[in-house]
Amino acid sequence: MSTLDVVRKDFTAARRSRALWAVATLLALLTALIAFGFSNSRSPPIETVQQLYRTMGGVLGILLPIVALVASYMSIAGERESGGVKFLLGLPNSRRDVFLGKFTSRVTLVAVVVGFMFTTATVMATARQGVLAPVVLLGTFAVTALYSAVFVSIAVSLSAMVAARSQAIAAAVGSYFLLVILYVIPGVSVALLVRFLHQTLLGFDPNFDLYNAVLYTSPLIAYRKAMNLVVPSELERQVLQRPAEGYTLPGYLGDEMSLVVFAVWLVVPLAVGYLRFNGVDL
Amino acid sequence: MDRSIADTAAVVLLAVGVAGLLLPALFPAQQVLYHEVDDGTTANGSELDAQGYTVVAYENLSDRGQDIYVEALRSPERRYTVPAGEGAPEFPYTGANDSGPVENAEEYQQRRIQSSIVIERPEDADLPPAAEPVQRVDRELEERQAAAEDEPGTPKEARLEARLEQRRAETERYDLMTVQKGTPRATDSGSLSRLGGVLLGTLAIGVGGYLRSRP
């Protein structure tokens, strides 16, 4: 057996889950309904469809991390708790094969769910508006799949670091709270906290580049910025704070940097998770 | 459930699901032309002409244009919708849709002018009544307030009433019809049947996929 065999075995086992099919179907129904209800009588059909994908991005930014975390949080912790990991490692598999196999399998699984959601939305949009926006569709799908891969990376890595189901659940919920909720609820935002520390406690002058840079560390904010890369310029949105008219974001806060943020969130958790999994006594 | 029955059911559901998703996309909704006569107008022909509206006498409309106008007046919603290609040649269907989003009130007014046509009704026409514009009350109120300082029954108030009556008679002859090309409304039967197809297809794929994948 090798990484590919682990991928095949894990994917086959995961796709048998009734809960997974139920969640995928519900989300696909949701995106179909969004596509049906979305209309803009003042825009031509092609622009309406492009706006739809942009709007879907806003919804998926909040929902997809839940799907990715739920689909992955037990990937390795479950094997450890049930003892299956000893069987996996008893065969000529290295821990790297198991770790990479689990990650690849769950990324593929979540990408299929995302693909199903985009399919129903696209079908509904085409049926309603009579047009297809292939470039924006492929762009938003690619960015969304990348975003979900980030959360799969985090969840698989956390799963590799813990040995029990309860710990895996706590880690998944905690990561969602830290990486998503803290960036969307007004009043408890990370940017506000940093601003309070910087200005009120330490007494420094306001530095919006710093606050924006902290904000940009969230995969959610990076996802919103990355959406600007794949939609027409008139649909781009201002994601970071602009304190005054004429303020221009420095280059390191540009939309392109979102790909670097994604890369960091993909690689660093995987590296840390693998190192912990490789050194732990099973 | 017997394994072979489950497999057969899964295949059937997946086939139904794919068809449910493909058919609405292969036969999408066609664009329709909306005609609304709900706004009316408080201005007369020369004022509307000066504002940039296209003013056309009812007699000068094409037969199709006259039919559409009368149908819109007769409709309880004061709206008449026809499939794209069955509109009247003189109506500005593309005036509003292809110009992007509206930024401010001025642009909105400009867009409204581009997507509207003013119809001058014949004086003794046997047409359904035009809409009573709600703005008329505001417009007349200004003139009434200016005359309010005078005692009731004075000749000045009588003159005001006569002037307002004359203005009503003038503006009643002008009706504003807003036209637009767009997708059918969500409550349209065609739209609802496409929604039903997609939802059914999605559910069928979900259930069929699970039955096909389970051990």
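Colleague: Break down the overall build of chain B for me, with residues and values.
Modeller: A tally of helices and strands in chain B yields seven helices and five strands. Each helix and strand of chain B, ordered N terminal to C terminal, gives the series α-β-α-β-α-β-α-β-α-α-β-α. The burial tally for chain B puts 42% of its 215 residues in the buried class. Within chain B, residue pairs in contact and separated by at least 24 positions form 82% of the contacts whose partners lie at least 6 positions apart. Accessible surface, chain B as shown: approximately 12000 Å² in total, 53% of it carbon and sulfur.

Colleague: Summarise the environment of A:T25; cite the residues concerned and give the values.
Modeller: Among the secondary structure elements, A:T25 is positioned in helix α2 (residues 18-37). Under the relative-accessibility criterion, A:T25 is labelled buried at 8%. In sequence terms A:T25 and A:T120 are 95 residues apart; their C-alpha atoms lie 9.9 Å from each other. Ignoring any residue separated from it by four or fewer positions in sequence, one finds A:T25 in contact with A:F116, B:T202, B:L203 and B:G206.

Colleague: Tell me about helix α12 (residues 257-279) of chain A, and please be specific about residues and values.
Modeller: Residues and elements named next belong to chain A. Between its first and last C-alpha atoms α12 spans 33 Å; for 23 residues at 1.5 Å apiece the expected length is 33 Å, and the two agree. Residues of α12 that are buried include every one of S258, V261, F262, L266, P269, L270, G273 and F277, and no others. Considering only its buried residues, α12 is in contact with α4 (77-82), α5 (84-90), α6 (95-129), α7 (134-161) and α11 (219-230).

Colleague: Pulling in residues and values, what's your account of the interface of chain B and chain A?
Modeller: Of the residues lining the interface, 32 residues belong to chain B; the matching set on chain A comes to 27 residues. Of the roughly 2500 Å² buried where chain B meets chain A, counting both sides, 67% is carbon and sulfur surface. If you look at where chain B meets chain A, you find zero salt bridges. Across the chain B-chain A interface, the total number found is five residue pairs in polar contact (both at pLDDT 80 or more). When residues of the side of chain B that touches chain A are assigned to their parent elements, the largest contribution, 13 residues, is made by helix α7 (residues 189-213) of chain B.

Colleague: Tell me about the pattern of salt bridges, and name the residues and values.
Modeller: Residue and element names in this part refer to chain B. As enumerated under the stated definition, the model contains seven salt bridges over all chains in all. For R79, the salt bridge goes to E36, with nearest N and O atoms at 3.2 Å. Of this pair, R79 sits in strand β3 (residues 79-83) while E36 sits in strand β1 (residues 32-36), placing them 43 residues apart in sequence. A salt bridge links R185 to E36, with the shortest nitrogen-to-oxygen separation between them at 3.7 Å. On the criterion of sequence distance, the pair formed by R185 in the loop between β5 (174-182) and α7 and E36 in strand β1 is long-range, its members being 149 residues apart. Overall, R185 belongs to the partly exposed group, its relative accessible area being 37%.

Colleague: Can you break down the nonpolar core residue by residue, with the values?
Modeller: Membership of the largest hydrophobic core comes to 91 residues, with the highest contact counts inside it found for A:Y53, A:M56, A:Y147, A:F151 and A:F262. The element best represented in this core is α6(A), accounting for 15 residues. A:Y53 has contacts with A:F118, A:T122, A:A133, A:V136, A:L137, A:T140 and A:M227, leaving out every residue within four places of it along the chain. Judged by nonpolar contacts, the second largest core, of 19 residues, contains B:L33, B:I68, B:L127 and B:M177.

Colleague: Tell me about the sheet that holds β1(B), and name the residues and values.
Modeller: All names here are of chain B. Taken in spatial order, the five strands make up an open sheet running β2-β4-β5-β1-β3, and their pairing is mixed. For this open sheet the edge positions go to β2 (55-57) and β3, each flanked by a neighbour on one side alone. Going across the sheet, the axis of each strand differs from the next one's by a mean of 25°, ignoring polarity. With five bridges connecting them, strand β4 (residues 116-120) and β5 associate as antiparallel partners. Bridging from a neighbouring strand, I119 pairs with D175 of β5. Most of the contacts of helix α3 (residues 63-74) go to β3, to which it runs at about 135°, and overall it touches β1, β3, β4 and β5.

Colleague: How would you sum up the packing of aromatic side chains? Please name residues and give values.
Modeller: Residues and elements named next belong to chain A. In total, this model carries 10 aromatic pairs over all chains according to the counting rule given. Both rings, one in Y53 and one in F118, keep their centres 6.3 Å apart while their planes meet at 10°; by these two values the pair is stacked. Taken together, the residues span a long stretch of sequence, with Y53 in helix α3 (residues 45-72) and F118 in helix α6 at a distance of 65 residues. The burial state of Y53 is the same as that of F118; both residues are buried. With 6.4 Å between their ring centres and 50° between their planes, Y147 and F262 make a pair best called tilted. Of the two residues, Y147 sits in helix α7 while F262 sits in helix α12, which places them 115 residues apart along the sequence. One exposure class covers both Y147 and F262, and it is buried.

Colleague: Please provide a residue-by-residue account of helix α8 (residues 165-184) of chain A, values included.
Modeller: Taking 1.5 Å per residue as the helical rise, α8(A) with its 20 residues ought to reach 28 Å, and the 28 Å between its terminal C-alpha atoms agrees with that figure. Three or more residues of α8(A) are buried, namely A:A168, A:A171, A:A172, A:S175, A:Y176, A:L179, A:V180, A:I181, A:L182 and A:Y183.

Colleague: Explain the confidence of the model for chain A to me, and be specific about the residues and the numbers.
Modeller: The pLDDT averaged across chain A works out to 89; a share of 99% of its residues lies at or above 70. For chain A, α5(A) is the element with the lowest average pLDDT, namely 80, and α7(A) is the one with the highest, namely 95.

Parameters and conventions
Residues numbered from 1 in each chain as written. Chains lettered and ligands numbered in written order. Predicted model: local features only at pLDDT ≥ 70, side-chain atom pairs only at ≥ 80, totals over all residues. Heavy atoms only, no water. Helix = DSSP H or I, 4+ residues; strand = E, 2+ residues; numbered from the N terminus. Buried < 20%, exposed > 50% of the residue type's maximum accessible area, 1.4 Å probe, protein only. Contact = heavy atoms within 4.5 Å. Areas by Shrake-Rupley, 256 points an atom, 1.4 Å probe, with all protein chains shown as cover. Expected span 1.5 Å × (residues − 1). Buried area = accessible area lost by both parts, 1.4 Å probe. Salt bridge = Lys/Arg side-chain N within 4 Å of Asp/Glu carboxyl O. Polar contact = N/O pair within 3.5 Å; in protein donor to acceptor, adjacent residues only side chain to side chain. Core = buried A, V, L, I, M, F, W, Y, C linked by side-chain atoms within 4.5 Å. Pairing = 2+ DSSP bridges. Axes fitted to C-alpha atoms, helices over the stretch in contact; angles between N-to-C directions. Phe/Tyr/Trp six-rings, centres within 6.5 Å; stacked < 30°, edge-to-face > 60°. pLDDT = per-residue confidence, 0-100.

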